Structure formats: C-alpha cells, structure tokens
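Listed below are the residues making up each chain.
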Amino acid sequence: MTTPTVTPVGTTLDGLTEDAVRAVAAGEPDWLVDRRLAATKRFLDQAWPDSRTDEFWRSTPFAKRFDTSHPLIAEASSDAAVPTSLVASLELTTAQLRIVDGEVVEASVPAELAALGVVVTDLRTAAEEHADLVRDHLGSLTTSGEGSGADEDRTISVNDAAWTAGAFIHVPAEVELTDPIGVHVHVSRAGAHLPRVLAVLGHHAKATIYLEHTSDEGVDALVDEVVEVIALDAAKVDVVSLHEWAMGVSHLALHKFGAHRDAQVRHSAIVAGGATVRLRPECDLLGPGASVRPLGIYYADEGQWFDLQPYVRHLAPKATSDVLYKGALQGRSRTVFRGNVFVHKDAVGTVTDENNRSLILTEGARADATPFLEIECADITAGHGSATGQIDARHLFYLEARGIPRAQALRMLVHGFFREVLTEIDLPGVEERALAHIERELAATDLDRLGINDAALRDELG
Amino acid sequence: MADLEIRDLTVEVDGSDILRGVDLDLDKGKTIALMGPNGSGKSTLAYAIAGHPAYDITGGTIRWQGTDLVELTPDERARLGVFLAMQYPVEVPGVSLTNFLRTAVNATSGQDVPIREFMQRLRDEMAALDVDESFLQRSVNEGFSGGEKKRFEILQMALLKPQLAVLDETDSGLDVDALKTVSEGVNRLSGPDLGTLIITHYTRILRYIAPDEVHVMFEGRIVASGGPELADELEARGYDHLKTSV
Ligand SMILES: Nc1ncnc2c1ncn2[C@@H]1O[C@H](COP(=O)(O)OP(=O)(O)OP(=O)(O)O)[C@@H](O)[C@H]1O
Ligand SMILES: [Mg+2]
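Note that the coordinates shown come from a computational prediction; the quantities given were computed from them, not determined experimentally.

Enquirer: Tell me about the packing of aromatic side chains, and name the residues and values.
Expert: Evaluated as defined, the whole model comprises 15 aromatic pairs over all chains. Judged by centre distance (5.8 Å) and plane angle (50°), the rings of A:Tyr325 and A:Phe337 are tilted. A residue pair is termed long-range when its members are at least 10 positions apart, and A:Tyr325 in strand E17 (residues 320-329) and A:Phe337 in strand E18 (residues 334-337) qualify at 12 residues. Like A:Tyr325, the residue A:Phe337 is buried in the burial classification. For the ring pair B:Phe135 and B:Phe144, a centre distance of 4.9 Å and an interplane angle of 85° mean the geometry is edge-to-face. Taken individually, B:Phe135 and B:Phe144 each receive the classification buried, so the pair is uniform in this respect. Every member of this aromatic cluster is reached through a ring pair, and the members are A:Phe43, A:Trp48, A:Trp57, A:Phe62 and A:Phe66. Lying over the aromatic face of A:Phe43, A:Arg154 brings its terminal NZ or CZ to 3.7 Å of the ring centre.

Enquirer: So what's going on with the interface of chain B and chain A? Residues and values would help.
Expert: On the chain A side, the residues contacting the 37 residues of chain B number 21 residues. Surface buried jointly by chain B and chain A totals about 2200 Å² across both partners, of which 70% is contributed by carbon and sulfur atoms. Three residues stand out in chain B for area buried against chain A, namely B:Asp75, B:Val90 and B:Phe100, and they jointly supply 20% of the buried area on that side. Between A:Arg402 and B:Glu153 there is a salt bridge; the shortest N-O distance is 2.7 Å. On inspection of chain B and its partner chain A, the count reaches 9 residue pairs in polar contact (both at pLDDT 80 or more). Put simply, the parts of the chain that give the side of chain B that touches chain A at least two residues each are helix H1 (42-50), helix H2 (74-79), strand E6 (82-85), strand E7 (92-96), helix H3 (97-109) and helix H5 (146-160) of chain B. Among the elements that line the side of chain B that touches chain A, the one with the most residues is H3(B), at 6 residues.

Enquirer: How would you sum up the coordination of the magnesium ion (ligand 2)? Please name residues and give values.
Expert: In this structure, B:Ser43 (OG) and B:Gln87 (OE1) serve as the protein donors to the magnesium ion (ligand 2), at separations of 2.0 to 2.1 Å. Of this pair, B:Ser43 sits in helix H1 while B:Gln87 sits in the loop between E6 and E7, placing them 44 residues apart in sequence.

Enquirer: If you had to explain the nonpolar core to someone new, which residues and values would you point to?
Expert: Counting 117 residues, the largest nonpolar core has B:Leu45, B:Ile49 and B:Phe100 as the members making the most contacts within it. Broken down by element, the residue count for this core peaks at 9 residues, all from helix H10 (residues 406-422) of chain A. Per-domain counts for this core show at least three residues from each of domain 1 (1-286) and domain 2 (293-462) of chain A. Discounting chain neighbours no more than four positions away, the residues touching B:Ile49 are B:Ile6, B:Ile62, B:Leu69, B:Arg77, B:Val82, B:Leu164, B:Val166 and B:Leu197.

Enquirer: Describe the packing of H5(B) against helix H6 (residues 176-189) of chain B, with residues and values.
Expert: All names here are of chain B. Interhelical geometry of H5 versus H6 gives an angle of 15° and a closest axis separation of 10 Å. If you check the angle between H5 and H6, you find them roughly parallel. As for the relative orientation of H5 and H6, their crossing is left-handed in sense. Contacts between H5 and H6 involve Arg151, Ile154, Met157 and Ala158 on the former and, on the latter, Ala178, Val182, Val186 and Leu189. Per-class residue counts for the contact of H5 with H6 are 7 nonpolar, no polar and 1 charged.

Enquirer: I'd like a description of the packing of H10(A) against helix H11 (residues 430-443) of chain A, backed by residues and values.
Expert: Residue and element names in this part refer to chain A. At a minimum axis separation of 11 Å, H10 and H11 run at an interaxial angle of 150°. Taken together, the axes of H10 and H11 lie roughly antiparallel to each other. Our pair here, H10 against H11, has a crossing hand that is right-handed. Only Glu431, Ala434, Leu435, Ile438, Glu439 and Leu442 of H11 make contact with H10, whose side of the interface consists of Leu410, Arg411, Val414, His415, Phe418, Arg419 and Leu422. In the contact of H10 with H11, the residues fall into 8 nonpolar, 1 polar and 4 charged.

Enquirer: If you had to explain the domain arrangement of chain A to someone new, which residues and values would you point to?
Expert: All names here are of chain A. By the assigned domains, chain A splits into domain 1 (1-286) and domain 2 (293-462). Relative to domain 2, the C-alpha centre of domain 1 lies at a distance of 26 Å. Listed per partner, the contact involves 43 residues of domain 1 and 42 residues of domain 2. In total, domain 1 and domain 2 occlude about 3500 Å² of area from one another, counting both sides; carbon and sulfur atoms represent 51% of this. Our count for the domain 1 to domain 2 interface comes out at 5 salt bridges. Residue Arg338 is joined to Glu55 by a salt bridge in which the shortest nitrogen-to-oxygen separation is 2.6 Å. The interface formed by domain 1 and domain 2 holds 33 residue pairs in polar contact (both at pLDDT 80 or more) in total. Class assignment for the residues of the side of domain 1 that touches domain 2 results in 21 nonpolar, 11 polar and 11 charged.

Enquirer: Quick one: what's the story with the sheet that holds strand E5 (residues 67-68) of chain B, residue by residue and with numbers?
Expert: Residue and element names in this part refer to chain B. The 4 strands are arranged E2-E1-E4-E5 in an open sheet whose pairing can be described as antiparallel. One side of each edge strand has no neighbouring strand; the edge strands of this open sheet are strand E2 (16-26) and E5. Two strands pair when backbone bridges link them, and strand E4 (residues 56-64) and E5 are joined in this way by 2 bridges, in the antiparallel orientation. The residue bridging Trp64 from the neighbouring strand is Thr67, located in E5. Those strands touched by H1 are strand E1 (4-13), E2 and E4, and its axis lies near 110° from that of E1.

Criteria and cut-off values
- Residues numbered from 1 in each chain as written.
- Chains lettered and ligands numbered in written order.
- Predicted model: local features only at pLDDT ≥ 70, side-chain atom pairs only at ≥ 80, totals over all residues.
- Heavy atoms only, no water.
- Phe/Tyr/Trp six-rings, centres within 6.5 Å; stacked < 30°, edge-to-face > 60°.
- Helix = DSSP H or I, 4+ residues; strand = E, 2+ residues; numbered from the N terminus.
- Buried < 20%, exposed > 50% of the residue type's maximum accessible area, 1.4 Å probe, protein only.
- Lys NZ or Arg CZ within 6 Å of the ring centre and 35° of its normal.
- Contact = heavy atoms within 4.5 Å.
- Buried area = accessible area lost by both parts, 1.4 Å probe.
- Salt bridge = Lys/Arg side-chain N within 4 Å of Asp/Glu carboxyl O.
- Polar contact = N/O pair within 3.5 Å; in protein donor to acceptor, adjacent residues only side chain to side chain.
- Donors = N, O, S within 2.8 Å, 3.2 Å for Na, K, Ca; no water.
- Core = buried A, V, L, I, M, F, W, Y, C linked by side-chain atoms within 4.5 Å.
- Domains from an automatic or database assignment.
- Axes fitted to C-alpha atoms, helices over the stretch in contact; angles between N-to-C directions.
- Parallel < 35°, antiparallel > 145°, perpendicular 65-115°, else oblique.
- Left-handed = near helix turned anticlockwise from the far one by under 90°.
- Nonpolar A, V, L, I, M, F, W, Y, C, P; charged D, E, K, R; others polar.
- Pairing = 2+ DSSP bridges.

Quick look at the structure:
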C-alpha cells in the first residue's frame, strides 16, 4: 500500500467527500457541480464491490486487486516523460488529447478538422463552450436507470463524482473522419487516477478513436476510467482501446456506447499490460438497425489478471451484436470472460452472437469463461459459446515435421489463434501493435512448461 | 551401410505393441514400396521415422546417414532431410499457407530465401502440381478436400527438397488425373539424392513411380520382400495367404 501524499485535491479515493469533490470541481458551471455532488451522494451511500456477494465481481477479488486507499491524483508532475502514443507515431494530421496524471496536458485539433466543426478538447472547457452537448450526454449512459446496473456500482459513481481530467470529442453530423483521433492516458505518479471521456457523434458522422493507456515502470496506481460514446442515427464509430500499462497499474474501465438507429459501433480491446484490467465494453442498442462488434485480444502473463465483461443490451428491434474475445495465457495468470447479452422483449429480429476462446500456453494459468444470454423476446437469432484449450499436439507436430523449431511453431500457432481478430481490426498501426505485444509475450514463454493438448491425437489414433 | 537403416524397431502406442521388430534398408536414389493390410503398422513406421510424439520407440534404431533419429526432435529430423507426406494431413487454422511454406523452407534450408525468389519458386511448383494460385490466400489445409491435401503434401516435398521422403498413402483419395500429376511431381524430385518410401494399398501409383523393391508389413513386421512383381501378386491374391504363412 502506498502512503498517501499531499495532493492538490487532498483526498484518497476511500475518503472522498463532498468538499473534496467541490475542490475537484472548482470553476465548473453549477449544473456540472450539482451532478458531481449527486454522484458523490450515490458514492457515499455505496460500498466498494464485495466479491463474495456481488455477482459481477465473483470471479475477481476486488479488495485484493484494487487499492482504493490511493490518493487522488489530479496534476501531472512537470518532469513526466510521456511515451509516444500510437496515434502520434503514425504522423497523421489528426486531433489528439493527452491526459497525464489526472490532468489534461495537451489537446490539439488541426485546422482542417476544426473547420469541419470537429471538437477535441478538455471536458471542463467543453462544459463551458459546448454546454448543451455535454449537459445532454455526460453521464447519460452511466446513470440511465432501466436495469443497466452501471450506476449501482461505486467504481462508476466515483468517476461520475470526481473525474479530474476528461476528453470531449464531438464529430458533427455527416462529418466523416478517416484518421484516428488519439486520446492518450498516461500515469507517472502513484495514486488514484480518474480519467473521463465523452464522445458524441452526430447522425451519419464517422470517426475512429484510439484510447491508449500507458504508465511508467514501477508506479503503483489505480485507474478508474469511464468512457461514454454516443453514436446518433447512422453514425459509425470505431474505438480501439490499448491497455499497455506497466505492472503497477490496476485498471477499472467502463467503455459504454449508446447506439441509435442504424449506428455502427465497434470496440476493439487489446489488453496486454497492467496487473489487473477489468474492462466493461458495454453497448446499448437503442435504435432499430444498430449494430455493435465488441472485439478483444488479450495476453496475460505472470501475475496478471484480466477480467473482461462485454455487455450488450438489445433495446430496439433488428439490431445486431457479435462479440468475439480471444485470449492467451501463460505463467501464473488469470483471465475472466463474463459476456452478457440482454434482449428486451420488444427487440424483435435481434441477431446476436457471443464467443470467447482462450489458449492456455503454460501450466499455472487459468481462464474462466461464462457467456450469458438473457432473452425476453422469442423472435431472435442468438448464439454463444466459449472454449478453453491448449496448443493442439497435431498442429505442433505438423509444423515441426516441416523443420520448424518448436518456439517458432508455437509463434505461428499463437498468431494463427489471434488471426481472425487481427485481420478484422484493419486500422492503421493496430495489428502491428497487437503483434508486437504477442511477440513480446511469446519471447517470455517457458517452452519447457508448454501445455499441449494431445487428446485430439488420441482420438485420431484410437 | 544403407542411408536409412532400420533395425529391430519396436513401437508402442498407448501401451500396445504396434511394431514388433522391423528391419528395413533404403538407399538414396532408390524407391521402395511398403504394402500391407489396414492396421498392420505402416503409418506407425512412417510416424516413428518422422518423430511423432504419440509413438513410443521402445527398442531398435532408425539410422539416417549414420545418425540415430530416435533421439532427435521432429524438426531436427526434418532439417536432416527427412520428410513425411502424411496419410491424414492436419488442418492448421489461422496459419497462412504461404507463411508456413516460407518458414519451413527457411528452416530446412538453413537460409533466408528472399521473398521474391521464394514466391517465384512457390508459383512454379504450384503450377507444376496444378494447384490454383488462390490457395496462397488460405490457411494450411483448412477446408482442403482430401485430394487437395495430398497434393499440398507433395507441394511441400517439392519446396523442401528432402533426401528421404516417406509418402503415406499419398495416392488414396486422388482422382486419376491427380494421381498422374502427383506421381509426375514425385518423379521430378527423384534422383540420386532422394530415397523414397511409398506406402500404398494399390499398384496404381506403382505404375507411375516404379519401386525397386516391395515390402509387405503384417502385424508389425515385414513378412515378405521382393521386386515389383510382388505388388501385382498382392493385388491379385490379397493378404489372406500371409495370415497362414506367419
Ligand atoms: N492409441 C492406440 N491404441 C491402441 N492401438 C492403436 C492406437 N493407435 C493406433 N493403434 C493401432 O496400431 C495399429 C497400426 O496402425 P497404423 O495406423 O500404423 O496402420 P496402417 O498400417 O497405417 O493402416 P492403414 O492401412 O489403415 O492406414 C492399428 O491396429 C491401430 O488400431
Ligand atoms: Mg496408415
């Protein structure tokens, strides 16, 4: 546990009070302060999740993996060396925003995009300059009642109350952006970080957003992040979330989408870093014809715990969802996949599918998978499945018999395992980045402890 | 001493004795055929040569140009020039055929063949074996028909240029034209540097690829050996008389 240091906000997450929230909200418009205070009230009425009783937390011990005694961090240290983000490395003329240690340190929009009305700015600034949009949409997905459960969780209300740094993105109606907008969250100071993102896409707008997460080596931090993305009618939004934390970080993330009529949402999570990542990519399909594609690639190694909970709610007719998460594990690591698809009684013509595949490479790793379907409506097409396996001995032998050494054969098979997801994420730099993570992990795979499934071999012979 | 020298080889699978003392010699430049009823142990011998992990070698030796293969991993054997065209080639989803072939060629040749040169060779060999270019986009064996899989095994053989090729029922599942194409493919590769062991049930393939010797396996042993005429005799008479003579 870290000793609380004095911060400008002067509170720990556990000790959050109305006064502390007022300090965070200093200078904000009244309506926003009021919302924060309402959230604070919810926060104070709630307790942190209890893994013994809370169904959604049963597989991941909250108290063990998340240290809520961290002091709230709201200011970047002046000497923070922030690594280059993927978006920055692409050298595109695009909008970028950077949050370092709970503070927005940079936001830039090239003139071409500004001329189209594209906004990428500090959420606090936006609360003044784009008050109507922010007022309408901020918190609209985290505090919507109707059984979402999102607002019942203290990990959400704490961010609603006390987010310190936020990104606001607005892509006006009918504006189609080709290059990704970059939002980069970096942690260089130990403590609790509460970043927030709100993106609003007008009708028929199109945008890609890369959400990147990095931290300095050896820094212990809890990052509690809430992202809301509103895709109005026929908008198309692609969010890539890169989790590239160093080992000290535990990440709680809600990435919630509202997809209106004919909107198309894709969320691609690449989870490679951090001690603990608990990611909830959620989407409310609010209008007929909306669609969501939650994709995930994850690779857990010694000491890591990834808990992935994609959740789709079909609230309108003829919407589609197709969840695909694939993960590899090695060392003493743990992954949890708890997917859920809810189909409202009025959501006739729903088409949904949900799949999770885990590949356990070495002994000692464990993957839990529970894909759920909650269906109130009969007139739908639904599928779901999960499988956990090891490298197939027949595949390995086939490659080895062609002269390919085991380590390289394994690489090819692991790449092959991820291939179907990788080929689908056809966005600049993303496949390369994912492959780089896979390569780095594979370089650390203990070949002597490789778990090989030779059951199929026996079937074949017997 | 023969290039391939198998002596008193015994192999177990899942605790049962499958090979019960096999002796076999094969020199480079020669082709021998191995026949025998279903379940007699032909594939077991092929897998034992290639180093399949499920086949436990409990006794005897497999020497290839003086090296005992038994102690080597499958990839080491392949890099010594040993190649097995499998009876049931396995589908490897997600692994691109092109990448697989290039990696295998680099691994066995010990050199990094430039991509353009490799692609040229690959295209030439595919054309020779009548394999459509669209296969370049596919995953290894995935969704291939039985005959396509067999053809792809020989394509690999052509690219890897082995010195010892074991063809385990490569002819099964091939139509008349494919059998001809594949046999011609094998013949093109034949020469003083290649020893070939053809496992088959039919004399059909042996009309294209003429064996120097024919051996018959029965219940895990070689029970008869002879010239090409032995194959015709087996085709005419079947294996029944072996049962009485053993
Ligand atoms: N796991 C196993 N347990 C017991 N017996 C096995 C096992 N695997 C293989 N065998 C047996 O080993 C014997 C030899 O099998 P092998 O595949 O070598 O035969 P084969 O001569 O290639 O036959 P075919 O002509 O049908 O291809 C068979 O009787 C087979 O059933
Ligand atoms: Mg066989």
